[in-house]
Amino acid sequence: MSQSNNNRRGFMAAAAAGAGFVVIAPGIRLIELAGANAPSKGASDKVRWGMLVDTTKCAPGCDACVGACNKENGIVEQVADPRQGAQWIRKIDLVDAKTGKQHSLPMMCQHCAHPPCVDVCPTGASFKRADGIVLVDRHICIGCRYCMMACPYKARSFVHQPLTTQAPEVPRGLGCVEACTLCVHRVDKGQQPACTEACPQGAMLFGDLNDPASDISKRLKEVASTQVRADLKLDVGVRYHGI
Amino acid sequence: MRRLGLLFATLALAAGIACAGESRVPKPVVHIENPGSCVAPAEEMRRNHMVMLKHQRDKTMRHGERGAKVSLNGCIECHASKRNGSVLGGKENFCESCHAYAAVKLDCWDCHQPKAGYKAAATETPPGGFKP
Amino acid sequence: MKNTFSRVEETLFYGLTALGGLVTAIGLGAALYMEHSGHVVTGMNNQIVWGLPHVFAIFLIVAASGVLNVASIGSVFGKVVYKSRAPLSGLLCIAMLAGGLAVIMLDLGRADRLIVAMTHFNPTSVFGWNVILYPGMFGIVAVYMWTLMERRMNPYAKPAGFAAFVWRLLLTTGTGSIFGFLVARQAYNSALLAPMFIIMSFAWGLAVFMLVQRAMFSWNGIELHPAIRSRMKNLLGIFVAAVFYFVAVYHLTNLYFAKQVAFERFILADGGIFPALFWGGWLVVGTILPLALLYIPSLQFRGSVMVASLLVIVGAFCQLYVFIIGGQAFPLEIFPGMSATSSFFDGKVDTYSPALPEFLLGLGGIGIAFTMTTIGVRVLRFLPQDDLGKLEAAGNITD
């Protein structure tokens, strides 16, 4: 890499970090994130990235997280049949069949500790990083969609058409399966996922589940939280409060 | 390795034809936008760029090691044509010209963005091209 | 090599080969089109991720392992009637397996990465096991056919036949387990699916065999001995009844579990095309009618066994359609006890309308199997030849 390029890169990182400081949700200390997983060192098995969604704060009709995800990850292609479009994160509106209690919440890849998609993948393209983020290796994904059959959360999408509008840091393409990456390219830089940052209600809390001093761990100790489809014992990384 | 072998075989064949001086295939137009600033000497890059990229891709994707010297986005930033901002598009574009000449399929750009500094056009369209 | 084909038969052979080749070519063309444009040109989507190609492919693969049953009864269980049918049974097995696998492979999002599927192996994936089971099946059946058709190798036919028999049970267990191991989905997630697929393979495979045998016999102007036909038709009836038993147990268990009642109501009553195909297609056309044709003498006519076999195959397609498509059309229950709505069709029954390319691809799989069989029976001796003297000695046609 050229000297000038290195300089530019360094400047961009500094600028991004500065911007991060400004917009980062109150209550999250950047140092804590950066300390757990410094940029470019690689994913560590000491860390388990996770998220806590406070559904009591999540507003029905608000899809700021969805918009931020699509922008960050370049999910901007036009699809004629919406059933063939990719959705990495979606808002689900729930009504309790008996009591009529309503909930609204974002649903995405739950980043299971025992992910069924990884178990069933014939080539090993679905994999879990040391820090618990579940990803698809598109270099060896053959597009069989077995992981989509296996996922209990309908978190995965298959790319049905050729793409040209990918974001440079988020490769995605025709014939491969994809899902929420927990914004791995941001997390590796010490930033938060785009959805978390964008939530106007501050309903999403991102952090290290393994670190008892992290805000997410402290909050999980305080409030009741639910794992979706807890009966499957997948030990998910994304947890919900209020349902 | 299979791809690499294929490339060598093709290059050797192409070189053979070229040496005979009767090549019907025009030589690739390789225009280096920023000469002398590559991560390795041109000779090594020509032979080993695919190995370097593959090695780094697994490190970055599987282990989250970022900011390495070798990076596909780094290649694009430097080698994208000044004309259309991409490494693809025609016979003068860096990746496409040589790969077309060597008849080696380019798989990278089915998923990776071939344009330097690309920003998707701001859109009001939610996922799947529709508003729920 | 027998050279008794008349000109008409010669023309028929080339006609059939050309027909099979044409269907295959159209199927490959459809696959190329899907590969080039993406699955956007199919009716499959992010809700119904496996569609018509998988119905065709799973029928071909399951029936392929079942058709080998004819050979196994001869070699493993020593029934003389079936021994002379073993080579044809092996050929059909290889041809249908090739057709089914071609469809599965060509439907992949990245069919160009076939080599990746071969070189990257995940031991926890049922698909991964199948990557070993399918090529293994080709190898073992090929060796088995060699021991059957090469006189010097005949002594090894029994162990080879036994190996093929065990392997085909493993293979169909693997196919059933593709669905059986899907913990998240109401329609699948049952250990019952593995034995159910095995018994389905027995019925479908035998039905295919009967049709092909009949076609070959008419081609050669031979009449199947009534006693042999009677034995084979009774066996088909038993298999069809056994499939009925397994399907009944599967649905009755589900009906007993409160959490599965909504799904069963969908498949059996409210689900539109799916209950129609289940009751009309599978139960009436694919089970009751064939059983009646096979067992009620007053209903039998010349060719009634053939009609019954054909109906069993029609029923098989209906059953697979309900099982594969219906199982995905019913919404995944992510939040039990709550009704869900979202932009991603949570809580919504999905509709599937297959597009032409995926239908042609599926048909192409049958074209491959058909072409391989036609060429196979023309160039090698696969015609079952019954030595009536031997059969009588073995007591096979007197009972």
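The coordinates are above.
This write-up is about the structure you can find in this document. Keep in mind it's a predicted model, so treat the numbers as computed, not measured.

## Considerations on the sheet that holds strand β2 (residues 89-96) of chain A
In step 1: Taking strand neighbours across the sheet as the criterion, the three strands line up as β3(A)-β2(A)-β1(C) in an open arrangement whose pairing is antiparallel. The outermost strands of the open sheet, each flanked by one partner alone, are β3 (102-108) of chain A together with β1 (338-342) of chain C. Between one strand axis and the next, the sheet turns through 30° on average, direction left out of account.
In step 2: The pairing of β2(A) with β3(A) spans seven bridges and is classified as antiparallel. Across the sheet, the residue bridging to A:Ile92 is A:Leu105, located in β3(A).
In step 3: Together, β2 and β3 of chain A form the strand contacts of helix α3 (residues 64-73) of chain A, whose direction differs from that of β2(A) by roughly 160°.

## Brief notes about unusual backbone geometry
Residue and element names in this part refer to chain A.
In step 1: Despite not being glycine, His-111 shows a phi value in the positive range, around 50°.
In step 2: Mapping His-111 onto the fold places it in the loop between β3 and α4 (116-120).
In step 3: Backbone geometry places Arg-145, a non-glycine residue, at a positive phi of 70°.
In step 4: Mapped onto the elements, Arg-145 comes out in the loop between β5 (134-136) and α5 (146-150).
In step 5: For Arg-145, a relative accessible area of 2% corresponds to the buried category.

## Looking at the nonpolar core
In step 1: Judged by nonpolar contacts, the single largest core of 188 residues is most densely connected at A:Tyr146, A:Tyr153, C:Phe59, C:Phe179 and C:Trp204.
In step 2: With 18 residues, helix α9 (residues 193-219) of chain C is the single largest residue contributor to this core.
In step 3: In this structure C:Phe59 touches C:Met96, C:Trp204, C:Val208, C:Ile313, C:Ala316, C:Phe317 and C:Leu320, once residues within four positions along its chain are discounted.
In step 4: B:Leu72, B:Ile76, B:Ala80 and B:Leu88 belong to the second largest nonpolar core, which has seven residues in total.

## Observations regarding the interface of chain A and chain C
In step 1: Of the residues lining the interface, 53 residues belong to chain A; the matching set on chain C comes to 54 residues.
In step 2: Counting the surface lost from both chain A and chain C, the interface buries some 4600 Å², and carbon and sulfur atoms represent 58% of this.
In step 3: At the boundary of chain A and chain C, one finds three salt bridges.
In step 4: Here C:Asp350 ties to A:Arg83 by a salt bridge, and the two come within 3.2 Å at their closest N and O atoms.
In step 5: Joining chain A to chain C, the criterion identifies 38 residue pairs in polar contact (both at pLDDT 80 or more).
In step 6: Of all elements in the fold, only β2, β3, α4, α5 and β6 (157-158) of chain A reach the threshold of two or more residues within the side of chain A that touches chain C.
In step 7: For the side of chain A that touches chain C, the class distribution of residues is 30 nonpolar, 12 polar and 11 charged.

## Considering the packing of aromatic side chains
In step 1: All chains considered together, the criterion is met by 27 aromatic pairs over all chains.
In step 2: When the centroid spacing of 5.0 Å and the interplanar angle of 70° are considered together, the rings of C:Phe179 and C:Phe323 count as edge-to-face. Pair noted here: C:Phe179 is in helix α8 (residues 157-180) and C:Phe323 is in helix α13 (residues 304-329), with a separation of 144 residues, a long-range link.
In step 3: The rings of A:Tyr146, C:Trp50, C:Phe127, C:Phe179, C:Tyr188, C:Phe197 and C:Phe323 are connected pair by pair, giving a single aromatic cluster.
In step 4: Positioned above the aromatic ring of A:Phe127 is the side chain of B:Arg62, whose terminal nitrogen or guanidinium carbon lies 4.2 Å from the ring centre.

## Overview of the environment of A:Cys183
Residue and element names in this part refer to chain A.
In step 1: Considering the arrangement of structural elements, one finds Cys-183 in the loop between β7 (177-178) and α6 (184-187).
In step 2: Distance from Cys-183 to Glu-72, taken between C-alpha atoms, is 8.2 Å for residues 111 residues apart in sequence.
In step 3: With residues up to four places along the chain from it excluded, the contact list for Cys-183 reads Glu-72, Asn-73, Pro-193 and Ala-194.

## Some details on the pairing of strand β1 (residues 49-54) of chain A
All names here are of chain A.
In step 1: Counting buried residues in β1 gives six out of six residues, a clear majority hidden from the surface.
In step 2: What you see with β1 is no split at all: Trp-49, Met-51 and Val-53 on one side and Gly-50, Leu-52 and Asp-54 on the other are buried throughout.
In step 3: Sheet topology places β1 next to strand β8 (residues 204-208); five bridges connect them, and they run antiparallel. Bridging across to β8, Val-53 finds its partner in Met-204.
In step 4: Where β1 and strand β9 (residues 238-241) come together, four bridges link them in parallel fashion. Paired with Leu-52 across the two strands is Arg-239, which belongs to β9.

## Description of the layout of surface pockets
Unoccupied space between atoms shows up once a probe the size of one water molecule is rolled over them.
All names here are of chain C.
In step 1: Empty space within the second largest pocket amounts to approximately 880 Å³.
In step 2: What lines the second largest pocket is a set of 22 residues, among which Lys-83, Ser-84, Pro-87, Leu-148 and Asn-154 lie closest to the centre.
In step 3: Among the elements of the structure, α3 (69-75), α4 (80-83), α7 (126-149), α8 and α15 (388-393) are those that each provide at least two residues to the lining of the second largest pocket.
In step 4: Residue classes in the lining of the second largest pocket are distributed as nine nonpolar, six polar and seven charged.

What counts as what
Residues numbered from 1 in each chain as written. Chains lettered and ligands numbered in written order. Predicted model: local features only at pLDDT ≥ 70, side-chain atom pairs only at ≥ 80, totals over all residues. Heavy atoms only, no water. Pairing = 2+ DSSP bridges. Helix = DSSP H or I, 4+ residues; strand = E, 2+ residues; numbered from the N terminus. Axes fitted to C-alpha atoms, helices over the stretch in contact; angles between N-to-C directions. Contact = heavy atoms within 4.5 Å. Buried < 20%, exposed > 50% of the residue type's maximum accessible area, 1.4 Å probe, protein only. Core = buried A, V, L, I, M, F, W, Y, C linked by side-chain atoms within 4.5 Å. Buried area = accessible area lost by both parts, 1.4 Å probe. Salt bridge = Lys/Arg side-chain N within 4 Å of Asp/Glu carboxyl O. Polar contact = N/O pair within 3.5 Å; in protein donor to acceptor, adjacent residues only side chain to side chain. Nonpolar A, V, L, I, M, F, W, Y, C, P; charged D, E, K, R; others polar. Phe/Tyr/Trp six-rings, centres within 6.5 Å; stacked < 30°, edge-to-face > 60°. Lys NZ or Arg CZ within 6 Å of the ring centre and 35° of its normal. 1 Å grid on protein atoms, 1.4 Å probe; cavity = no way out; pocket = protein on both sides within 12 Å on 5 of 7 lines; lining within 4 Å. Points joined across faces, edges and corners; volume = space filled by probe spheres on them.

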